[in-house]
Structures are given as C-alpha cells and as structure tokens.
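Coordinates in review
Below, each chain spelled out in residue letters.
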Amino acid sequence: MYGKSPSCAGLLLLGIQLTALEPIAAVEIYTSQVLEAVNGTDVRLKCTFSSFAPVGDALTVTWNFRPRDGGPEQFVFYYHVDPFKPMSGRFKDRVVWDGNPERYDVSIILWKLQFSDNGTYTCQVKNPPDVDGLIGEIQLSVVHTVRFSEIYFLALAIGSACALMVIIVIVVVLVQHFRKKRWAERAHKVVEIKPKEEERLNQEKKVSIYLEDTD
C-alpha cells in the first residue's frame, strides 16, 4: 500500500511556516529629515542605517537629489567598496564621502552651498541580503547669508558704541579726579589762610592795646 502524496494545500502551509521562521530582511535608514544651512557654507548630510546582515563588500549606498522647484532627479554620490564622486553636473567637485560603513554611517559633505541646492536629498542603502527598506530623505533649505557690507557696518556700529562708552567712562573718571584734586587744593588753601588770618588779628589786637596804653 502506497502512502498518500502531500497535497498542494499542505505544501503551501509548510512553505508559509518555513518563511515565518526566517527573519525579515530590511534596512532601516535614519536621517535628520529637515536641515537648514547658510548659502556659501559646507553642510554634512547625515545618514545612518541598521541592518540584520553584517556589513560587507556587497554594501551599496546611493545619494540622489530632487530640486525643490521641480525637475528630474539628479545623481549626487555612490559608494560600493570605494566612494564614487559625480563626474559631471551640479555636484561635481562639491561632494565628498564622510561615512564609515563599519559604524553604519553613510554620510556625505556638500561644499559651497548654493540656493539651487534647495530640495530633497535621498539616501538609499542596500546590504544584501537586506535590500528592502524605506529610502531616507533630507529636506535641505539654503538660507541667505549676511553680506560682507552688512557685517562690516554691524561691526563698525558695535565698535563705535563700545568706543563711545569707553570715552564716556574715561571722561567721567577724569572729571571726578579733577574735582577731587580741586577740592583738596581749596581745603589746603583754607588751612593755610587760617593761621595767617589769626596772626593778622593778633597783630591788630596788639596794636589796639598799645594805643590804648599810650593814651
């Protein structure tokens, strides 16, 4: 008597059970999401990740950019064993690798920001067999920098105010010093005048007594 062959339903159930025993492979990505930087400066676009699989040579990182004012997505940076900079486009010679895959860090630095750099930067990490997962995003806003002339006039105004305060303090100290000196001189003169006045009065008194005696 031959045994019964497994049914399709049984095989399907067995497959589901075996799949449930396997861990779900997915890369988790973490970014600052919103970032603001000053025009003309450098900015670090931070992106870190976590993965079920150990990090190896199969790791790939892709950075792309979507302009805020619309337009096609643009390539920013790529990493696979070694970093690969863009050879053309707006980010040529303006982006460098600043990550460390062993620390699950795949960040980059963007140099000399421009207002046209406003937009969304995406960070995608694949670490086979972890190849699925959401793509990290950073909304970058490039803000106006203070003009040199404004800095100059601001520094001049602050410097002038400080100089004026110093001058006022010096004048007040000098005035108080001269007043004290004048008061001291007057007090000294009064002390000198009193003995002379007393001596004069004594002389006048002696003369008056002498005249009275002669009469």
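Up top you'll find the structure we're talking about.
Residues numbered from 1 in each chain as written. Predicted model: local features only at pLDDT ≥ 70, side-chain atom pairs only at ≥ 80, totals over all residues. Heavy atoms only, no water.

Some details on the state of the cysteines
Inspection of every chain in the model, using the stated rule, returns one disulfide. Cys-47 shares a disulfide with Cys-123; S-S distance 2.2 Å. Judged by the sign of its S-S torsion, about -85 degrees, the cystine formed by Cys-47 and Cys-123 is left-handed. Highlighted residues: Cys-47 in strand E4 (residues 47–50) and Cys-123 in strand E10 (residues 119–126), separated in sequence by 76 residues. Taking relative accessible area as the criterion, Cys-123 reaches 1% and is therefore assigned buried. (Disulfide = S-S within 2.5 Å. Helix = DSSP H or I, 4+ residues; strand = E, 2+ residues; numbered from the N terminus. Buried < 20%, exposed > 50% of the residue type's maximum accessible area, 1.4 Å probe, protein only.)

Thoughts on the environment of Glu-137
Within the element layout of this structure, Glu-137 appears in strand E11 (residues 136–143). Residue Glu-137 is classed as partly exposed on the basis of its relative accessible area of 35%. Considering only alpha carbons, one finds Glu-137 and Ser-32, 105 residues apart in sequence, at a separation of 8.1 Å. Setting aside anything within four residues of it in sequence, one finds Glu-137 in contact with Thr-31, Gln-33, Arg-66, Thr-120, Tyr-121 and Thr-122. Looking at Glu-137, its side chain comes within polar contact range of the side chain of Arg-66, at 3.2 Å. (Contact = heavy atoms within 4.5 Å. Polar contact = N/O pair within 3.5 Å; in protein donor to acceptor, adjacent residues only side chain to side chain.)

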